[in-house]
Amino acid sequence: MIPDKAPKEDVFHGSEDLKKEAHITSFENYKELYMKSIENPDEFWGDVAKDFFWKTKHTGQFLDYNFDVTKGEIFVKCMEGASTNISYNLLDRNVHERKLGDKVAFYWEGNEPGDELTVTYRELLQRVCQFANVLKSQGVKKGDRVSIYMPMVVELVVAMLACARIGAVHSIVFAGFSAESLCERIMDSQCSLLITADGFYRGDKLINLKLLADEALQKCRDKGFPIEKCIMLKHLSKEAEETSLGSQSPPAKRSCPDLQEKQTGRVKKTRPVPQVPWNPEVDLCWHALVRGASDECEPEWCGSEDPLFILYTSGSTGKPKGVLHTVSGYMLYTAATFKLVFDYQLDDVYWCTADIGWITGHSYITYGPLANGATSVLFEGLPTYPDVSRMWEIVDKYHVTKFYTAPTAIRLLMKYGSEPVQKYKRESLKVLGTVGEPINPEAWQWYYNVVGERRCPIVDTFWQTETGGHVLTPLPAATPMKPGSATFPFFGVVPAILNESGEELEGPSEGYLVFKQPWPGVMRTVYGNHQRFETTYFKKFPGYYVTGDGCRRDKDGYYWITGRIDDMLNVSGHLLSTAEVESALVEHEAVAEAAVVGRPHPVKGESLYCFVTLADGVTYNRTLEAELKKQVREKIGAIATPDYIQNAPALPKTRSGKIMRRVLRKIACDERDLGDISTLADSSVVEQLFQNRCCTAV
Ligand code: WT7
């Protein structure tokens, strides 16, 4: 439970200034509202819902659910009977009712300094309507799945909201994923259309996205799932149309109205543009389609529990899970968490550095901020390009007030010291946030002292793709902070810590982090596999949602996430399953068996340490090592590239043949204290592996 009073020792506060305008001004204030949200969720969420437009009102209970597998099917329903449209609430409502039409929705900042665009709420509404009409003209209907594979551009937001407007279900695949991963996701959710772009730059590196998209579609065809339509945005340059497309170019006229407005062409620096393959049977030009489309589009009124989107997250079996979120609950939850966790005020300029291809971008670049009518920075580039001051340059350029990033980015920048930060003023900053993995206290202190100059509270937000929004988090003006702790639950969230036998632990304790009841934003199912949803999250401890994270509660009631307790790894804030990487490795003909463990890494949090047992007669060498690395990149994506590969003639196994990953983790870290290894079948294997450890990353 939440303590009555906040602790006074070993805690940090931001400056007093924030309290003057904050929504939640004190710990007492938080506690009081928290109790209300638990005792009377209908009233609490009912108040949040009042800000939104409902075509028809809900009929049943505000939140109806079963969290107990022993009592039947798991379900969560929020505001059943109500109908609404999320794009209407994010756009039309802000433009027409709240008169925010001229307010900037996004400042788009490209990879290259100087590449920029501004989009107001009115313009965004028009563009979403146009593209919604485009989708309709291509036969996309309510309930259809649309796959989106795009860089960080405004059109990505346009595409997702256009889907939402017509009740289609978007499935965004992070543009860093491989063709194979895209194919797998398209097929799993049976998407009827793909939206992509020609390419983009990450720093100096050109990513030829269309080529990857084509490869994915070919793989789909080969596997008997033809997908007929692919809409391509020309992002890199309008000149690209004339030059590289040549006779294969799309038949439409080649000028592009949305690039001709205030800014002409958004990628100014002359750069090589990709050779874009064009298949007239399948490919459609974004710009040509939009040109003919009306900018008015009546929204499709959706039921509260209609699906909004699918987003894939790693699963411990190796096959990604299509996490499904639905319309109303997700809207209320992202809107409320955005408003209260970042203490959103009308004149804020907010910047979340995540990619929209991850849940953080879905909830806290698109849905939460737009639901509040916020102005955000949408950044395409990297924190280190063209130099390591880029983040702070952007903060000053747009007078960013609320800034949200990942511990891995903080650790990366920390290596360069405070000088690149102090080159810029950062006077506008008021609240800083982190997400993705536990933040080590050293990085926390640097963020707090150097970046925020001890003025800005840090909201360490713990949540998951599955939770839809923040579940454990400080509120910036109300919660005293402890570096490394995600502090307390958000409204409506009831955490508990369980021991191995499933008993709830009271007071200071450590164990499994679970939640006892749903909140509006929790996922509803694994797309196409409800049983997997129940097994993954509800089976181990009936009656609870199991996060898969370990957690400690201290004497003051603060929650500290200790990391994953399943076969998941967190590399730079991205979850990967060991099984996923292992299966990519064993698909190589030289590999007989593979076992992957995490090894702590100073910047990435964890790095991938892979043990491979080779097939008979194969010898290990640098060429094979490079091939294996490439194999994993091609199967999954660059984020899964192994850092270490060790030739392991044999793996430590139990007598029943189960690989002892616990032992492998120790070997990867060169820790000799192995604990109990009495179940090990052959202990000489361990010594052999210790002797042949990889000392340097591959
Ligand atoms: C896992 C979820 C939520 C968006 C980004 C990742 C870890 C996330 C924190 C935090 C400690 C954290 C957990 C969680 N995690 N935020 N503030 N402190 N751990 O989404 O890919 O679904 O990963 O990330 O292990 O279960 P995701």
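The rules behind each value
- Residues numbered from 1 in each chain as written.
- Predicted model: local features only at pLDDT ≥ 70, side-chain atom pairs only at ≥ 80, totals over all residues.
- Heavy atoms only, no water.
- Pairing = 2+ DSSP bridges.
- Helix = DSSP H or I, 4+ residues; strand = E, 2+ residues; numbered from the N terminus.
- Core = buried A, V, L, I, M, F, W, Y, C linked by side-chain atoms within 4.5 Å.
- Buried < 20%, exposed > 50% of the residue type's maximum accessible area, 1.4 Å probe, protein only.
- Contact = heavy atoms within 4.5 Å.
- Near = heavy atom within 4 Å.
- Polar contact = N/O pair within 3.5 Å; in protein donor to acceptor, adjacent residues only side chain to side chain.
- Areas by Shrake-Rupley, 256 points an atom, 1.4 Å probe, with all protein chains shown as cover.
- Nonpolar A, V, L, I, M, F, W, Y, C, P; charged D, E, K, R; others polar.
- Phe/Tyr/Trp six-rings, centres within 6.5 Å; stacked < 30°, edge-to-face > 60°.
- Lys NZ or Arg CZ within 6 Å of the ring centre and 35° of its normal.

The name given to the protein in an unreviewed UniProt entry is Propionate--CoA ligase, and the organism recorded there is Lates calcarifer.

Participant: Please clarify how the sheet that holds strand β23 (residues 509–515) should be interpreted in this entry.
Facilitator: An order of β22-β21-β23-β25-β26 is seen for the five strands of this open sheet, with the pairing classed as antiparallel. The sheet terminates laterally at β22 (504–505) and β26 (559–564), the two strands that pair on one side only. The sheet contact formed by strand β21 (residues 495–498) and β22 spans two bridges and is antiparallel. Note that in β22 the partner of I497 across the bridge is L505.

Participant: When you look at the nonpolar core in this model, what are you seeing that I'm missing?
Facilitator: A general tendency of soluble globular proteins is for nonpolar side chains to be buried together. Grouped together as the largest cluster of nonpolar side chains are 176 residues, with contacts concentrated most on F131 and I195. Residues contacting F131, with those up to four places away along its chain left out, are V158, A159, A162, I195, I231, W286 and V290. Formed by 31 residues, the second largest nonpolar core is a distinct cluster that contains F12, L432, I439 and A443.

Participant: What's the story with the environment of K629 in this structure? I'm lost.
Facilitator: Tracing the backbone shows K629 in helix α20 (residues 622–635). As a C-alpha pair, K629 and T525 span 104 residues in sequence and 33 Å in three-dimensional space.

Participant: How do you make sense of the site of the ligand when you look at a structure like this?
Facilitator: Inspection of the region around the ligand gives 19 residues, with D460, T461, T465, D549 and R564 positioned closest. One nitrogen or oxygen atom from the side chain of D460 is found 2.7 Å from a nitrogen atom belonging to the ligand. Between the ligand and T461, the relevant distance is 2.8 Å, taken from a nitrogen atom to a main-chain nitrogen or oxygen of the residue. When the free accessible area of the ligand is taken as 550 Å², the share hidden by the protein chains comes to 96%. If you list the elements that add at least two residues to the shell around the ligand, you get α13 (359–371), β20 (458–461) and β26. Taken together, the residues that form the shell around the ligand break down as seven nonpolar, seven polar and five charged.

Participant: Would you mind going over helix α18 (residues 530–538) with me for this structure?
Facilitator: For the α-helix, the turn length of 3.6 residues means that residues three or four positions removed from each other point alike. Residues R532, F533, E534, Y537 and F538 constitute the buried set of α18. The elements touched by buried residues of α18 are β15 (321–326), β24 (525–526) and β25 (545–553).

Participant: Sorry if this is basic, but what is going on with the packing of aromatic side chains here?
Facilitator: We describe a pair of aromatic rings using the distance from one ring centre to the other and the angle between the two ring planes. Within the structure shown, the criterion is met by 48 aromatic pairs. Considering the side-chain rings of W351 and F403, the 5.1 Å spacing of their centres and the 65 degrees angle between planes classify their relative orientation as edge-to-face. Pair noted here: W351 is in strand β16 (residues 349–352) and F403 is in strand β18 (residues 402–405), with a separation of 52 residues, a long-range link. An aromatic cluster is defined as three or more aromatic residues linked by ring pairs; in this entry it consists of F27, Y30, Y34, F44, W45, Y333, F488, F490, F491 and Y558. In this arrangement the basic side chain of K482 is found over the ring face of Y558, its NZ or CZ atom lying 4.5 Å from the centre. Positioned above the aromatic ring of F690, the side-chain terminus of R672 is 4.0 Å from the ring centre.

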